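Each chain, written out:
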Amino acid sequence: MGRTVLITGSNRGIGEAILREFSKEDDVTILAHARRETEEFLRLVAELNEYPNCEIVPIYFNLSDSEGLDFAMKAILGVHKRVDVLVNNAGIMDQGNTFLMTDVDVMRQTFQINFFSHVRITQLVAKAMIRNGGGVIVNMSSIAAFDGTAGQFEYSCSKSAMAGMTIRLAKEFAPYKIRCNAVAPGLIDTEMMGYLKSEERIVLEDKSYMKRFGLPKEVASTVAFLSSENANYINGQVLFVDGGLGRFN
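Everything quoted here is computed from the prediction, not taken from an experiment.

Conventions we followed
- Residues numbered from 1 in each chain as written.
- Predicted model: local features only at pLDDT ≥ 70, side-chain atom pairs only at ≥ 80, totals over all residues.
- Heavy atoms only, no water.
- Pairing = 2+ DSSP bridges.
- Helix = DSSP H or I, 4+ residues; strand = E, 2+ residues; numbered from the N terminus.
- Axes fitted to C-alpha atoms, helices over the stretch in contact; angles between N-to-C directions.
- Contact = heavy atoms within 4.5 Å.
- Buried < 20%, exposed > 50% of the residue type's maximum accessible area, 1.4 Å probe, protein only.
- Core = buried A, V, L, I, M, F, W, Y, C linked by side-chain atoms within 4.5 Å.

A.B. asks: Please clarify how the sheet that holds strand β6 (residues 178–185) should be interpreted in this entry.
C.D. replies: As summarised here, the arrangement of the 7 strands in space is β3-β2-β1-β4-β5-β6-β7, forming an open sheet in which the pairing is parallel. The strands lining the two open edges of the sheet, one partner per strand, are β3 (54–60) and β7 (238–241). Sheet twist, expressed as the mean angle between neighbouring strand axes with direction ignored, is 20°. Pairing between strand β5 (residues 135–140) and β6: 6 bridges, direction parallel. In the strand pairing of β6, Asn139 is matched with Ala182. Along the sheet, helix α1 (residues 13–22) makes contact with β1 (3–7), β2 (28–34), β3, β4 (85–88), β5 and β6, crossing β1 at roughly 175°.

Here you go:
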């Protein structure tokens, strides 16, 4: 029997790359989350459903709507009672004001989408994992949670919360044979980085040991590794995928 994988925010960027990576598995069912149905996402689902032994099931709910999320997730788990891998990927990032200039409502919205929604999803999915004898959780953090750069206060704090949750859950869930790790991407070439001016991009690229932005598929392959049997003794870790940019630069 193949695995069932649930990925939040799978319609673009790193999430799309993760979806593509898992679709290569033999005998896999992927619950591919997006906020809403779009023609672009449906084309992606149709494309990947052409892969042998792969079934992509699109699921839709808004992470900012707590009640809607609860209703949707309970309905999904009522049908797909087994989830072997949960990837808490979805998130938003503002262009990044300093702390004193960041509106508290913006902070709340960012935390709801980047952290609290995934807390609730994890609570529901973990119960299913416990009933089924184990599973894997991979959370999406960020180097912004560790590097101390000014700005993006609400984003970096929400990603710090994801890292903290990872470490706590790894210990709490270990007796149930559930592993929990996080990935902390650095500068990844996605739409989220589209606000950068060309000269800003050059400066940031120069800070990386690799002298370039990372690719979404490079993050996706790390998520797939942490979800595999090859990572069975890796638990409670935050793995940096940042080309050497790191917290110490």
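A.B. asks: Is there a simple way to think about unusual backbone geometry in this case?
C.D. replies: Of all residues except glycine, most have a negative phi; of all peptide bonds, most are trans. Of note, the phi angle at Asp27 is positive, near 55°, even though the residue is not glycine. With respect to the helices, strands and loops of the structure, Asp27 is situated in the loop between α1 and β2. Accessibility expressed as a relative area gives 42% for Asp27, which makes it partly exposed. Backbone geometry places Asn53, a non-glycine residue, at a positive phi of 60°. By the element assignment, Asn53 lies in the loop between α2 (39–48) and β3. Judged by its relative accessible area of 52%, Asn53 falls in the exposed class.

A.B. asks: What should I look at first to understand the nonpolar core in this one?
C.D. replies: Generally speaking, nonpolar side chains in soluble globular proteins are found buried as a group. Leu6, Phe61, Met73, Ile121 and Val125 are the most contacted members of the largest nonpolar core, which totals 30 residues. Ranked by residues supplied to this core, first place goes to helix α4 (residues 104–131) with 7 residues. In this view, Val125 contacts Leu6, Met73, Leu77, Val83 and Leu86; residues no more than four positions away in its chain are not counted. Residues Ile18, Val28, Cys54 and Met140 belong to the second largest nonpolar core, which totals 29 residues.

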